[in-house]
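Examining the three-dimensional arrangement
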Amino acid sequence: MSVDPGLALVALDRAGAARDPAAAHVAFQVSTLAALLDGRYEGELTLAELTRHGDLGIGTLDGLDGELAVLDGECWQARADGTLHRPDPATRTPFAVVVPFTPGPPEPLAGPLPLEALCARLDALRPAGAPACAVRVDGRLARARLRSVPRQSPPYRPLAEVARHQAVWETGPVEATIVGFRFPAAVQALEVPGWHLHLLAADRSTGGHVLDLVLERGTARLDGSSALHLELPPGVVAEARGGGPTADAIRRIEQG
Ligand SMILES: [Zn+2]
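Below or above, wherever it landed, is the structure these notes cover. Just so it is clear, the structure is predicted and the values come from calculations on it, not from any experiment.

1. So, the overall build of the protein
In terms of helices and strands, the protein carries six helices and 17 strands. The globule rule puts the C-alpha radius of gyration for 256 residues at 18 Å, and the 17 Å found for the protein is close to it. Along the three orthogonal principal directions, the C-alpha set of the protein runs to about 45 × 40 × 35 Å. Counting the 256 residues in the protein, one finds 44% classified as buried. Long-range contacts, defined here as pairs at least 24 residues apart, represent 80% of the contacts in the protein between residues at least 6 apart.

What follows is the structure in structure tokens.
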């Protein structure tokens with residue numbers, strides 16, 4: 001496959017994904033954003049298979065059943081009612097990205113940092129030359145606005161339609177861990193461009209996709225990714241740009 005802005009892309013089928021060894025700084029993804037936007041919500045890899053490729057990540061679950069966060073190798077499902085659950089490892093995911101998290105030294109974050117300022121700070125901390133990056137932030141938030149989506153049944157509607165019925169709630173003040181990735185706009189048909197963050201409350205009372213937040217203080221650990229390995233379900237193609245969603249369509253999905 002083509003090499004776009006320094007991010008080496010490798011397409012794999014199911015058998016190839018099963019043989020693909022986890023490697024430091026290599027992110028592993030199930031399916032593509034374009035396929036998810038299109039309504040491909042049926043689960044592909046099991047969470048047990050997914051976590052063989054990485055111990056930190058984000059995604060969703062079979063039938064678009066909530067937001068997925070992977071932290072220290074544990075999978076957490078944030079349901080549309082705002083509660084967190086440990087899904088069965090046999091549950092399948094239609095879209096997720098993980099990495100064997102090997103971060104640099106912890107970087108202190110002094111708040112208050114609204115989401116935009118936090119993202120700018122994370123950009124400044126990104127390892128030089130890394131086209132993509134995984135992050136873990138542990139800290140205290142004054143507040144956070146989270147969202148999740150209710151489980152869908154076939155025939156699946158496009159994500160833009162489903163997102164209109166997303167659940168949005170506020171939490172905080174709260175101790176939490178935030179995990180996520182930053183991908184370049186050049187691969188916007190494959191992954192959400194910019195920072196895409198999911199939150200887990202430290203007491204596991206709630207979690208979800210981060211729409212907004214104010215971080216009071218915390219610590220960031222970043223891990224630059226040089227390659228993205230993609231497990232592609234049958235019929236799903238991996239074009240970084242072509243035929244992919246427009247920036248506007250993504251913004252509609254990723255914001256409240
Ligand atoms: Zn998300």
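2. Here we look at the environment of Pro-150
Along the polypeptide, Pro-150 turns up in the loop between strand S12 (132-148) and helix H5 (159-163). For the pair formed by Pro-150 and Asp-81, sequence separation is 69 residues and the distance between their alpha carbons is 8.4 Å. Residues in contact with Pro-150, not counting those within four places in the same chain, are Ala-80 and His-165.

3. What about the nonpolar core?
Side chains of a nonpolar character, in soluble globular proteins, are inclined to be buried together. Judged by nonpolar contacts, the single largest core of 66 residues is most densely connected at Ala-69, Ala-96, Val-98, Ala-134 and Leu-199. By residue number, the principal contributor to this core is S12, which donates eight residues. Residue contacts for Val-98: discarding those within four places in its chain leaves Phe-28, Leu-50, Thr-51, His-53, Gly-54, Leu-56, Gly-57 and Val-70.

4. What to know about the pairing of strand S3 (residues 26-30)
Working note: regular strand, side chains alternate between the two faces of the sheet. Counting buried positions along S3 gives four out of five residues, so the element sits mostly inside the fold. Where S3 lies against strand S17 (residues 227-231), five bridges are found, and the strand directions are parallel. Across the sheet, residue Ala-27 finds its bridge partner in S17, namely Leu-228. Pairing between S3 and strand S10 (residues 96-99): three bridges, direction antiparallel. Paired with Val-30 across the two strands is Ala-96, which belongs to S10.

5. Some points on unusual backbone geometry
With omega at 0°, the peptide bond leading from Gly-111 into Pro-112 counts as cis. With respect to the helices, strands and loops of the structure, Pro-112 is situated in strand S11 (residues 107-114). Of note, the bond from Gly-172 into Pro-173 is cis; its omega dihedral lies within 30 degrees of zero at 0°. Take Pro-173: it is sitting in the loop between strand S13 (167-171) and strand S14 (174-183). Even without glycine at this site, His-25 takes up a positive phi of about 65°. Tracing the backbone through its elements, the reader meets His-25 in the loop between helix H1 (14-19) and S3. Phi is positive for Ser-31, close to 65°, though the residue is something other than glycine.

6. Structural notes on the pairing of strand S6 (residues 67-71)
Of all five residues in S6, four are buried; the element is thus mostly enclosed. Sheet topology note: the strand S5 (residues 56-60)/S6 ladder contains four bridges and is antiparallel. Within S6, the residue paired with Ile-58 across the bridge is Ala-69. In textbook terms, the turn of a hairpin is the stretch between consecutive antiparallel strands, and for S5 and S6 this stretch comprises six residues, one of which, Gly-63, has a positive phi near 75°. Bridge count between S6 and strand S7 (residues 74-78): five bridges; the pairing is antiparallel. When the sheet's bridge partners are listed, Leu-71 is paired in S7 with Glu-74. Hairpin connection from S6 to S7: two residues lie between these consecutive antiparallel strands, with Asp-72 at a positive phi of about 50°.

7. Remarks on the environment of Arg-164
Turning to its location among the elements, Arg-164 is positioned in the loop between H5 and S13. Sequence spacing of Arg-164 and Gly-235 is 71 residues, and the spatial spacing of their C-alpha atoms is 27 Å.

8. Some remarks on the environment of Ser-225
Summarising the element assignment, Ser-225 is placed in strand S16 (residues 207-225). Expressed as a C-alpha distance, the spacing of Ser-225 and Arg-92, which sit 133 residues apart in the sequence, is 24 Å. Residue contacts for Ser-225: discarding those within four places in its chain leaves His-25, Val-26, Ala-27, Val-99, Ala-130, Ala-132, Cys-133 and Ala-134.

Parameters and conventions
- Residues numbered from 1 in each chain as written.
- Predicted model: local features only at pLDDT ≥ 70, side-chain atom pairs only at ≥ 80, totals over all residues.
- Helix = DSSP H or I, 4+ residues; strand = E, 2+ residues; numbered from the N terminus.
- Rg over C-alpha atoms; globule rule 2.2 N^0.38 Å.
- Buried ≥ 20, exposed ≤ 12 C-beta atoms within 10 Å, placed from the backbone.
- Contact = placed C-beta atoms within 7 Å.
- Core = buried A, V, L, I, M, F, W, Y, C linked by C-beta atoms within 7 Å.
- Pairing = 2+ DSSP bridges.

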